[in-house]
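Observations on the three-dimensional arrangement
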Amino acid sequence: MRWDLPGVSINFGRSAHVMGIVNVTPNSFSDGGRYFDLPAALAHGRTLVAEGAAILDVGGESSRPGSDPVDLAEELARVIPLIATLHREFPDLKISVDTYKAETARQALRAGACIVNDISALRLDPGMAEVVAAHRAGLILMHMQGLPKTMQLAPRYGDVVGEVTSFLIERRDFAVHAGIRAEAIAVDPGFGFGKTMEHNLTLLRSIKRLTTLGRPVVAGISKKSTLARLLGNPALPMTERVWPSVAFTSYLREQGVNLFRVHDVRLNFEALRMTEAIMAP
């Protein structure tokens, strides 16, 4: 499995990769704005790299359920200085920008990012596909039913696995038709994005269906509310959702997932290496 990025390819082979999350927002569901200012976000990014993150995913707009969109100028002010500084300090680091806005993606790619992580799968900004194609950037296409503001208001599916799979195939084909190389695309089932706990569990149990698409699969379930509900405590603090997240990382790695978008890099990184050692023939 190969993922082509500008000037470099990630060959997964037996090793999955960890994407460390850097939320430059005041209302992130996980850290609640702890890394909102540039010095704090930069220090956090350095820590995640030291702990084993192969990619840093930088986002300036929260996509937690019920969140409101952020205007372009504010998003740019949050993410571009951080991406530029990280790129200067770690020139070989792979940086992803978590955005659905084409102009944010354009400026982030110019500042040193090489991946666009679009929760809308190129649906919310008609200019996004052109930006990704022009920069030959990596692209993560994610499934989301609805929008963050309303996505958890009674989401419904007839066949959640079939519908998510069909959606990702359609968006992959759309991206390729728009000039984006198939080898530059990764797919994300969007755990928690317009899905109940039961929908998430069904997707988790059937994740191998997504691995048959021939593209790297990204899992972003770190610390999400599904984990707390599975443990019978919807109010479980974020600090107590770390080990449940690690358990899912090990399970999903065994199922063939290649990329893990997580808040706690070191523990998930070590869980991946241990799982892969057990999986080795």
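All figures in this text were calculated on a predicted structure; none of them were measured in a lab.

Examining the pairing of strand β2 (residues 8-11)
Sheet faces and side chains relate simply in a regular strand, where the side chains alternate between the two faces. As paired elements, strand β1 (residues 2-5) and β2 share 4 bridges and run antiparallel to each other. In the strand pairing of β2, W3 is matched with I10. The antiparallel pairing of β1 with β2 creates a hairpin that spans 2 residues between the two strands, and G7 there sits at a positive phi of about 75°.

Things to note about the packing of aromatic side chains
Aromatic ring pairs are reported here in terms of the distance separating the ring centres and the angle at which the planes meet. Summed over the entire model, instances satisfying the criterion amount to 0 aromatic pairs. Above the face of the F174 ring, R171 is positioned so that its terminal group lies 4.3 Å from the ring centre.

Quick word on the nonpolar core
In this structure, V58, I83, L139 and I180 are the most contacted members of the largest nonpolar core, which totals 65 residues. Here this core gets 7 residues from one element, more than from any other, and that element is helix α2 (residues 72-89). Residue contacts for I83: discarding those within four places in its chain leaves V58, I95, V97, A108, A111, G112 and A113. By size, the runner-up hydrophobic cluster in this structure holds 12 residues, among which are W3, I10, I55 and V218.

Some points on unusual backbone geometry
Negative phi values dominate among residues other than glycine, just as trans dominates among peptide bonds. Phi at A121 takes a positive value of approximately 55°, unusual for a residue other than glycine. Within the secondary structure layout, A121 lies in the loop between β6 (115-118) and α4 (128-135). The exposure class assigned to A121 is buried, which follows from its relative accessible area of 0%. Unusually for a residue other than glycine, K223 sits at a positive phi of about 65°. Within the fold, K223 resides in the loop between β9 (218-219) and α8 (225-230).

Description of the pairing of strand β10 (residues 259-262)
A two-sided burial pattern is seen for β10, the buried positions comprising L259 and R261 on one face and F260 and V262 on the other. The sheet contact formed by strand β3 (residues 17-23) and β10 spans 4 bridges and is parallel. In the sheet register, M19 faces β10, and the bridge partner there is R261. The pairing of β9 with β10 spans 2 bridges and is parallel. Opposite V218, over in β10, you have L259 as the bridge partner.

Quick notes on the rules
- Sequence order as written defines the numbering, with residues in each chain counted from 1.
- Local features in a predicted model are, by the rule used here, given only for residues with pLDDT of at least 70; side-chain atom pairs are given and counted only at 80 or more, and totals for whole chains, interfaces and linings are based on all residues.
- Values shown for side chains rest on all heavy atoms present in the structure; no hydrogens or waters enter the calculation.
- Following DSSP output, two strands are said to pair if at least two bridges run between them.
- Comment: elements are numbered from the N terminus, with helices defined as DSSP H or I runs of at least four residues and strands as E runs of at least two.
- Under the pairing criterion, centres of Phe, Tyr and Trp rings, with the six-membered ring standing for Trp, must be within 6.5 Å; the plane angle then separates stacked pairs below 30 degrees from edge-to-face pairs above 60, leaving the rest tilted.
- Two thresholds decide whether a charge sits over a ring: the Lys NZ or Arg CZ must be within 6 Å of the ring centre and within 35 degrees of the ring normal.
- Among the buried residues, those of types Ala, Val, Leu, Ile, Met, Phe, Trp, Tyr and Cys that are joined through side-chain atoms within 4.5 Å form a nonpolar core.
- Each residue is placed in one exposure class: buried if its accessible area under a 1.4 Å probe, protein chains only, is under 20% of its type's maximum, exposed if it is over 50%, and partly exposed if it falls in between.
- The contact definition used throughout considers only heavy atoms, calling two residues in contact when any of these lie within 4.5 Å.

So yeah, pure geometry; function would need other evidence.
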